[in-house]
Amino acid sequence: MVQDRTRPEGADQTAPVGRARRSRLGLFLPYILLALVVAGWSAGWLWMRERAAAEIDGWIAREASAGRTWTCADRSLGGYPFRLELRCSAVTLDRADGRFRLGPSTAVAQIYQPRLVVFESAGPFHVEQGALTGDASWSALQGSFHGAADGFTRASLVVDNPDVTVKGAEPGPIAVAGRHLELHARPSPGRFDSDGAVDLSLRLNQAAVPQLDALTGTRDPVDLALDASLTQATVLRTGTVARELERWRQAGGNLDLTALSLAKGAQRVQAKGTLALDAAHRPAGQIDLRAAGVDALVGSIVGQRFGSDRGALVGQLVGGLLGLAQRPNPDAPADATPLKALPPLRLVDGKVVFSGFPIPNVFVPALY
């Protein structure tokens with residue numbers, strides 16, 4: 001029998017063992033790689049969490065040195081593995097002009113999109129500022145902030161069933177409750193770099209405002225829509241109201257009302273204009289008005305110029321003429337009534353001037 005001496009003795013036994021070892025290594029290699037990825041990702045997430053915590057602590061310290069004390073009660077920072085989630089059982093701000101408190105709140109940023117922060121709060125919100133005390137509650141509140149290297153690109157707030165009360169205001173308490181509120185802000189295209197303008201959009205649906213009910217003589221809910229631009233908005237910070245408003249005034253800030261629309265039953269008002277602050281810190285400017293269904297209200301305002309007796313007669317006459325001008329077709333529905341231009345409303349030296357004369361017993365107070 002011829003034997004192959006070129007093949008090492010025992011080769012038939014050792015080759016399968018080597019192949020088996022390599023086979024087992026290939027079997028476990030994906031799990032090893034996965035474990036390394038998870039370990040690396042976990043280490044990276046822990047580093048980002050520590051960095052976020054340090055940034056928060058640094059910002060709180062800078063605010064405290066400026067006289068603004070922020071507190072996040074029971075602060076926790078979690079969200080592993082794909083996001084950072086900041087939770088506070090309450091958020092408070094104490095500063096020279098008052099105290100602000102917000103109930104349980106959460107802010108979330110995705111690891112892959114750190115400049116987009118989404119937040120929500122269960123509320124309520126409470127503020128004490130001088131003689132004023134304000135409270136707000138809601139069934140749901142959510143918001144978002146899209147940051148950018150030089151500021152932000154968009155900020156939004158959405159609130160269901162907002163209910164706001166303010167006590168200590170003159171001439172009496174203020175109460176506003178609605179079904180839905182939305183507020184959006186973004187840098188004004190073409191104006192943000194030149195005059196720091198920010199576009200604002202506000203929508204408030206089915207609102208109950210007792211003070212407005214007394215003025216208009218109807219308890220119909222209010223739908224409010226506002227589009228405006230706030231110039232020099234970039235100078236505003238988190239300081240006291242008086243300090244920030246004065247900084248804004250000195251910078252030449254204006255509130256440009258692009259479109260203001262208010263509907264309350266058959267009454268409708270549209271307005272546009274520009275407001276600012278005068279040297280005495282009072283709102284000043286002019287608002288152009290168009291309206292329908294407010295003839296009785298306008299007649300009452302005009303009539304006040306002539307005293308109680310003659311004023312009532314003049315008011316009824318003016319209101320009747322406006323009603324005839326605004327409702328040429330008596331069969332047309334209320335919402336089809338054409339809007340008619342009214343005399344502009346001017347805010348001058350703390351007075352509200354309508355149709356060329358100041359409205360009696362109506363004054364615009366200084367805001368600070």
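Criteria and thresholds
- Residues numbered from 1 in each chain as written.
- Predicted model: local features only at pLDDT ≥ 70, side-chain atom pairs only at ≥ 80, totals over all residues.
- Heavy atoms only, no water.
- Pairing = 2+ DSSP bridges.
- Helix = DSSP H or I, 4+ residues; strand = E, 2+ residues; numbered from the N terminus.
- Axes fitted to C-alpha atoms, helices over the stretch in contact; angles between N-to-C directions.
- Salt bridge = Lys/Arg side-chain N within 4 Å of Asp/Glu carboxyl O.
- Buried < 20%, exposed > 50% of the residue type's maximum accessible area, 1.4 Å probe, protein only.
- Disulfide = S-S within 2.5 Å.
- Contact = heavy atoms within 4.5 Å.

(A) Structural view of the sheet that holds strand β9 (residues 132-137). Here seven strands make up an open sheet; going across it, the order is β1-β4-β5-β8-β9-β12-β13 and the pairing antiparallel. The sheet terminates laterally at β1 (69-73) and β13 (174-177), the two strands that pair on one side only. On average, each strand axis in the sheet is tilted by 10° relative to the strand beside it, whichever way the strands run. The pairing of β1 with strand β4 (residues 90-95) spans five bridges and is classified as antiparallel. If you follow Cys-72 over to β4, its bridge partner there is Val-91.

(B) View of the pattern of salt bridges. In this structure the tally under the stated criterion is 15 salt bridges. Put simply, Glu-85 and Arg-83 hold a salt bridge, and the shortest N to O gap is 2.9 Å. Accessibility expressed as a relative area gives 12% for Glu-85, which makes it buried. By relative accessible area, which is 34% here, Arg-83 ends up partly exposed. Residue Arg-247 pairs with Glu-244 through a salt bridge whose shortest N-O separation is 3.6 Å. In this pair, Arg-247 and Glu-244 both sit in helix α4 (residues 241-250), three residues apart, roughly one turn of the helix. Looking at Arg-247, the relative accessible area reads 29%, which means it is partly exposed.

(C) Quick peek at the state of the cysteines. Overall, the coordinates contain one disulfide when judged by the stated rule. With a sulfur-sulfur separation of 1.8 Å, Cys-72 is cross-linked through a disulfide to Cys-88. Measuring the twist about the S-S bond at about -100°, one finds the Cys-72-Cys-88 disulfide to be left-handed. Placement of the pair is Cys-72 in strand β1 and Cys-88 in strand β3 (residues 83-88), with a sequence separation of 16 residues.

(D) Molecular detail of the environment of Arg-191. Here Arg-191 shows up in the loop between β14 (180-187) and α2 (192-195). Judged by its relative accessible area of 26%, Arg-191 is partly exposed. Along the backbone, Arg-191 and Ser-229 are 38 residues apart, and their C-alpha atoms lie at a distance of 9.8 Å. Setting aside chain neighbours within four positions, we find Arg-191 in contact with Gly-196, Ala-197, Ser-229, Thr-231 and Asp-256.

Treat this as a map of the structure, not an account of what it does.
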